[in-house]
Amino acid sequence: MGYRVNAKDITTNYTQTLAEFTANLKYEDIPEDVRERAKHLAMQTIGVALGTKRMKLSNDAIAIGKSCGVGEPEATLWVDGSKVSMSSAVFTNSTLADALDWEDCAWTGHPSAGVIPVSWAAAEGFHCSGKELITAIVAAYEVYTRIAMVVQPPEDEDVFKGWGLTSWQVFAGVAPAARLMGLTPDQINQAFGFGVLCCPVQSNLHHITMSDAYHYEHGFRAKDGILAALTAKAGVENYMDCFDDTYSFDYHMTREPKRDWYTKELGSRWLTKEVLVKHWPANMWLQTPIELVHNITTKNGIKPEDIEEIVLDPPTLGRMFFDPAGFNSLTQAQFSGPYMIAMYLLNPVPGPNWFDLSMLRDPKVLELAAKVKPGKSSPDIINLCFKGFQRGEFPMKTVTITTKDGKTYSESMDCHPGHPRNMMSHEEFCDRFRIEAAPTLDADKIEKAIEALSHLEDCEDVAELGWIFSE
């Protein structure tokens, strides 16, 4: 295994370097703050998945997981608590992790929707310890982000031609699965190759249709990640070095691959710490506007019925959609500043109630959403915003609320709570978990889950934590 027919044509060792990093990373070598962030990312992802209870999408994903969950009962279906095969568990759990659009956002997508469900299912299935789970999470974030950064579209390229988030999402599953299955570096090298095999042609069909199928895409990629690692564990011949052969992967993803990113600062710069965690269940570019509305209305005692107009300046292109007739999908609503701000004002405690299908055409929601207007500044462009995020920047937003009595209130902010430059504290993560998990767990169980997730390093067998995921 490891033999390659045309090895003489390969002049780099990106794939093997990533494979060796994945296989050889030690818990003790990970800085303590990075290990803590990994636990917080797990807590956040599990919390937002538990928050999907009673949603149609959640019920459907759980039913699918049960229907195709043949084989040994290796891993737990979150929310439901049933045991199914690892591949079925990650399909369901990754879908749930993305359903509320409340997880994380890296420079490159939503790694936690793959990393955390796959890491957890593999740790359950192979009876790994909490320390092994944390190590796999960190390895996966470091590897996934670098692979994805290689194929980011150039700044002058149309984002709809080169922003296939769920194309490279598969590697968020391949890396932790391979690590927790105990694959050798050569086997992990092959697992990456199977990841490339399962990496779909970049598609923005979800942007075009705004269909909730987008959330299922994360489930498909996570399941592929598990299968890629299992197939590599079985082993095949001549399937090595996918990131080193120019025509295997990045050549097909972008006209200007940045190949130095494969191993850039690997092991010295911890990209796990540079991930944004969402404070609200909404698209990442709506986090700051919602936070500003929260701050202004809370400080000044403003109620929905007091509001005459809300102005967001500058708006973000593609994030101000509003139709007086209502919204056609959860995804369309999650990407709409008017809808999300209206839902916050009417229901300040976030959860699945924000996305009950009846809310998408509710007259009170639409009446309030119609009051949210774009400012006069030129709109922020999404792909340029991502380029800024990669440089540590974030768009400055100003929200101005005018009340019916003629008073005006205005605040500005760039890095909202959960941004890497304004990260939530441990207690703030715990508070978010309490809100997120409330639809599934009672208050006592939530506190027990927080204690277990806060001290994952003390767990000897992750399979013993299956009790967290059901009422």
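Scoring rules and cut-offs
Position numbers for residues start from 1 in each chain and track the written sequence from start to end. This being a predicted model, a pLDDT of at least 70 is required before a residue's local features are given, and a value of 80 or more before pairs of side-chain atoms are given or counted; all residues contribute to the totals for chains, interfaces and linings. To obtain the side-chain values, all non-hydrogen atoms of the structure were used and water was disregarded. Each Phe, Tyr or Trp ring (for Trp, its six-membered ring) is paired with any other whose centre lies within 6.5 Å, and the angle between the two planes then decides the class: stacked below 30 degrees, edge-to-face above 60, tilted in between. Note on conventions: DSSP H or I runs of at least 4 residues are helices, E runs of at least 2 residues are strands, and numbering of each starts at the N terminus. Note on exposure labels: buried denotes an accessible area under 20% of the residue type's maximum, exposed denotes more than 50%, and partly exposed covers the range between, all computed with a 1.4 Å probe on protein chains only. Definition used: whenever NZ (Lys) or CZ (Arg) falls within 6 Å of the ring centre and also within 35 degrees of the ring normal, the charge is taken to sit over that ring. Surface patches are drawn from residues lacking salt bridges whose relative accessible area is over 30%; two like charges belong together within 9 Å, two nonpolar side chains (Val, Leu, Ile, Met, Phe, Trp, Tyr) within 5 Å. Surface accessibility follows the Shrake-Rupley procedure with a 1.4 Å probe radius. Residue values consider only the protein chains on display as shielding. What counts as a salt bridge is simple: a side-chain nitrogen of Lys or Arg found within 4 Å of a carboxyl oxygen of Asp or Glu. Following DSSP output, two strands are said to pair if at least two bridges run between them. Between the N-to-C directions of two axes lies an angle of 0 to 180 degrees, each axis being a line fitted to C-alpha atoms and, for a helix, fitted only over the stretch in contact. Two residues form a contact once any of their heavy atoms are found within 4.5 Å.

**Student:** What am I meant to see in the packing of aromatic side chains here?
**Tutor:** Each pair of aromatic rings is reported with the distance of its centres and the angle of its planes. Counted by the stated rule, this structure contains 22 aromatic pairs. Ring centres of Phe194 and Tyr239 lie 4.8 Å apart, and the angle between their planes is 40 degrees; this geometry places the pair in the tilted category. Taken together, the positions of Phe194 in helix 10 (residues 185-197) and Tyr239 in the loop between helix 12 (213-234) and helix 13 (250-253) put the pair 45 residues apart, joining distant regions of the chain. Exposure remark for Phe194: the relative accessible area of 10% places this residue in the buried category. Both rings, one in Trp280 and one in Trp354, keep their centres 6.3 Å apart while their planes meet at 5 degrees; by these two values the pair is stacked. With Trp280 in the loop between strand 4 (276-277) and helix 14 (287-300) and Trp354 in the loop between helix 16 (337-346) and helix 17 (363-369), the pair connects residues that are 74 residues apart, well separated along the chain. Note that Lys264 overlies the ring of Trp261, its terminal NZ or CZ placed 4.4 Å from the centroid. Between Arg432 and the ring centre of Trp280, over which it is positioned, the NZ or CZ distance is 5.0 Å.

**Student:** Looking at this structure, I do not really get a nonpolar patch on the surface. What am I missing?
**Tutor:** Nonpolar side chains collect at one region of the surface, where Phe126, Leu227 and Leu230 lie side by side and expose about 210 Å² of accessible area between them. In this structure, Leu230 sits in helix 12. Classification of Leu230 as partly exposed rests on a relative accessible area of 34%.

**Student:** Help me understand the sheet that holds strand 5 (residues 307-313) in this model?
**Tutor:** Working definition: the strands of a sheet are paired by backbone hydrogen bonds and lie parallel or antiparallel to each other. Here four strands make up an open sheet; going across it, the order is 6-5-7-8 and the pairing mixed. Looking at strand neighbours, the two that pair on one side only are strand 6 (372-374) and strand 8 (408-413), the edges of this open sheet. Across the sheet, the mean angle from the axis of one strand to that of its neighbour is 20 degrees, orientation sign disregarded. Where helix 14 meets the sheet, its contacts fall on strand 5, strand 7 (397-403) and strand 8, and the angle it forms with strand 8 comes to roughly 140 degrees.

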